Amino acid sequence: AFGVIADIQFADAEDGHDFGGSRRRYYRHSLRLLRDAVRAWAAESPPVDFVLQLGDIIDGLNARRGEADGALRQVLEALGRLPVPVHHAWGNHELYNFSRARLAQSGLCSRPAGGAAGPPDGLCQAYHCSPAARLRLVVLDAYDLSILGRDADSPRYEESLRLLREKNPNEDLNSPAGLKEPQFVAFNGGFSQTQLDWFDEVLKFSDENQEKVVVMGHLPIHPDASDRVCLAWNYEAALSVIHSHRCVVCVLAGHLHDGGYCLDSHGVHHLTLEGVIETPPGSNAFGTIYVYEDKMILKGRGRIADRIMQF
């Protein structure tokens with residue numbers, strides 16, 4: 001069993017709204033909801049084996065207020081009450097607050113030391129591990145290609161900006177207005193070819209060893225489990241890798257605060273979790289997933305519905 005939660009986006013600030021001004025965000029209350037989730041996971045019997053934190057753990061508001069370090073400390077302290085590993089995806093809000101180099105030295109870097117579990121490209125934070133027999137977890141770095149969090153004179157930044165400008169001619173690179181591929185906005189990112197090649201090799205290994213694979217990352221990679229504006233830039237390339245293997249049973253993502261779900265044409269479940277940040281007092285948005293030989297059962301809390309995902 002493992003816990004799942006997404007888009008906490010904590011800030012020690014009064015309630016606000018999304019960029020469109022229409023959706024309420026409960027910045028301060030989100031930490032209380034995280035603490036409630038931690039208490040619930042700690043009380044599970046049998047206990048959960050690990051937790052997946054799907055990104056955007058603190059809000060970009062913290063950077064503007066000079067409070068990023070303090071906000072990160074508070075959410076990590078809450079998660080630190082769990083006696084099990086927490087695997088972190090990096091989202092756009094992490095990269096509004098910190099450079100990738102800083103994140104790599106923070107408590108949000110859950111990639112094993114030494115780099116053997118990840119791509120040969122040391123810039124990428126993807127990794128894999130086996131938390132139980134015949135089960136593998138793959139954590140994807142959905143901002144491997146991105147203009148967020150990198151030095152403007154770095155090759156990866158220049159590559160990402162070139163790709164973004166090819167697809168998005170708008171003056172505001174966060175605007176999808178008029179785009180044929182509306183996912184090409186600055187608050188999204190994508191997967192480098194190096195990461196995709198590594199991902200392919202990991203799944204080949206899992207095929208050969210008859211493992212079931214759970215994939216996690218901040219950005220959804222299937223259009224039926226997300227609106228198109230929230231997809232990874234090159235989501236089709238990631239899907240192509242998954243569909244060329246038999247082992248992946250589920251892809252978990254955040255980013256789209258309304259959540260989403262689909263069972264794709266290859267039998268892979270795509271679950272996009274509802275965001276904590278837009279969850280009002282009196283509710284919550286987290287869950288526990290129980291893994292069996294032939295299925296995964298999601299027991300959701302608050303905004304997250306129960307779900308049975310058959311293999």
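Coordinates for the structure precede this section.
Structure report, in brief. Remember, it's a predicted structure, so these values are computed and weren't measured experimentally.

1. Overview of the packing of aromatic side chains
- A complete count under the given rule lists three aromatic pairs for this structure.
- Centre to centre, the rings of Trp41 and Phe286 are 5.4 Å apart; their planes meet at 80°, and the pair counts as edge-to-face. Here the residue Trp41 occupies a position in helix α1 (residues 29–42), and Phe286 occupies one in strand β12 (residues 285–291), the gap between them amounting to 245 residues. The exposure classification of Trp41 matches that of Phe286, with both residues buried.
- Seen from their ring centres, Phe184 and Trp233 are 5.8 Å apart, and the 25° between their planes marks the pair as stacked.

2. Regarding the packing of helix α7 (residues 193–208) against helix α8 (residues 235–243)
- One way to put it is that α7 packs onto α8 with a least axis distance of 9 Å and a crossing angle of 20°. With respect to α8, the axis of α7 lies roughly parallel. In this structure, α7 meets α8 at a crossing whose hand is right-handed. For the pair α7 and α8, contact is made by Leu196, Phe199, Asp200 and Leu203 and by Ala237, Ala238, Val241 and Ile242, respectively.
- Of the residues contributing to the contact of α7 with α8, the split by class is seven nonpolar, no polar and one charged.

3. Some words on the sheet that holds strand β1 (residues 2–5)
- Read from one edge to the other, the open sheet built from six strands follows the order β5-β4-β1-β12-β13-β14, with strand pairing classed as mixed. With partners counted over all chains shown, the strands left at the sheet margins are β5 (86–88) and β14 (307–310), one partner each. Taking each pair of neighbouring strands and ignoring which way they run, the sheet shows an average axis angle of 20°.
- Pairing of strand β4 (residues 50–53) with β5, which is carried by three bridges, proceeds in the parallel orientation. Residue pairing for β5: Gln53 is matched across the bridge by His88.

4. Section: the layout of surface pockets
- Approximately 410 Å³ is the volume found for the largest pocket.
- Contributing to the lining of the largest pocket are 18 residues, with Phe19, Arg25, Cys230, His255 and His257 lying nearest its centre.
- Examining the composition of the lining of the largest pocket, we find that three residues originate from one element, helix α4 (residues 92–97), more than from any other.
- For the lining of the largest pocket, the class distribution of residues is five nonpolar, six polar and seven charged.

5. Details of the pattern of salt bridges
- Enumeration over the complete set of coordinates arrives at 19 salt bridges.
- Note that Arg28 is salt-bridged to Asp12, the shortest N-O span being 2.6 Å. Remark: Asp12 occurs in the loop between β1 and β2 (16–17) and Arg28 occurs in the loop between β3 (24–25) and α1; sequence separation between them is 16 residues.
- When its relative accessible area of 30% is taken as the criterion, Arg28 is described as partly exposed.
- For Asp12, a relative accessible area of 37% puts it in the partly exposed group.
- A single network of salt bridges, built from pairs that share partners, joins Asp121, Asp144, Arg150, Arg156 and Glu159.

6. Here's the deal with the sheet that holds strand β6 (residues 127–132)
- If you trace the six strands from one edge of the open sheet to the other, you get β6-β7-β8-β9-β11-β10, paired in mixed fashion. Each edge of the open sheet carries a strand with a single partner, namely β6 and β10 (260–263). In this sheet, adjacent strand axes meet at a mean angle of 15° when their direction is disregarded.
- Pairing of strand β9 (residues 248–253) with strand β11 (residues 269–272), which is carried by four bridges, proceeds in the parallel orientation. Across the sheet, residue Ala253 finds its bridge partner in β11, namely Thr272.
- Across the face of the sheet, α7 comes into contact with β6, β7 (135–139), β8 (212–216) and β9 while running at roughly 175° to β7.

7. Quick notes on the packing of α1 against helix α3 (residues 68–79)
- At a closest axis distance of 9 Å, the pairing of α1 and α3 adopts a crossing angle of 15°. In terms of their interaxial angle, α1 and α3 are classed as roughly parallel. Here α1 runs over α3; the crossing is right-handed. Contacts between α1 and α3 involve Leu31, Leu34, Arg35 and Val38 from the former and Gln74, Val75, Ala78 and Leu79 from the latter.
- Partitioned by chemical class, the residues of the contact of α1 with α3 number six nonpolar, one polar and one charged.

Cut-off values and rules
Residues numbered from 1 in each chain as written. Predicted model: local features only at pLDDT ≥ 70, side-chain atom pairs only at ≥ 80, totals over all residues. Heavy atoms only, no water. Phe/Tyr/Trp six-rings, centres within 6.5 Å; stacked < 30°, edge-to-face > 60°. Helix = DSSP H or I, 4+ residues; strand = E, 2+ residues; numbered from the N terminus. Buried < 20%, exposed > 50% of the residue type's maximum accessible area, 1.4 Å probe, protein only. Axes fitted to C-alpha atoms, helices over the stretch in contact; angles between N-to-C directions. Parallel < 35°, antiparallel > 145°, perpendicular 65-115°, else oblique. Left-handed = near helix turned anticlockwise from the far one by under 90°. Contact = heavy atoms within 4.5 Å. Nonpolar A, V, L, I, M, F, W, Y, C, P; charged D, E, K, R; others polar. Pairing = 2+ DSSP bridges. 1 Å grid on protein atoms, 1.4 Å probe; cavity = no way out; pocket = protein on both sides within 12 Å on 5 of 7 lines; lining within 4 Å. Points joined across faces, edges and corners; volume = space filled by probe spheres on them. Salt bridge = Lys/Arg side-chain N within 4 Å of Asp/Glu carboxyl O.

These figures come from the coordinates and say nothing about function on their own.
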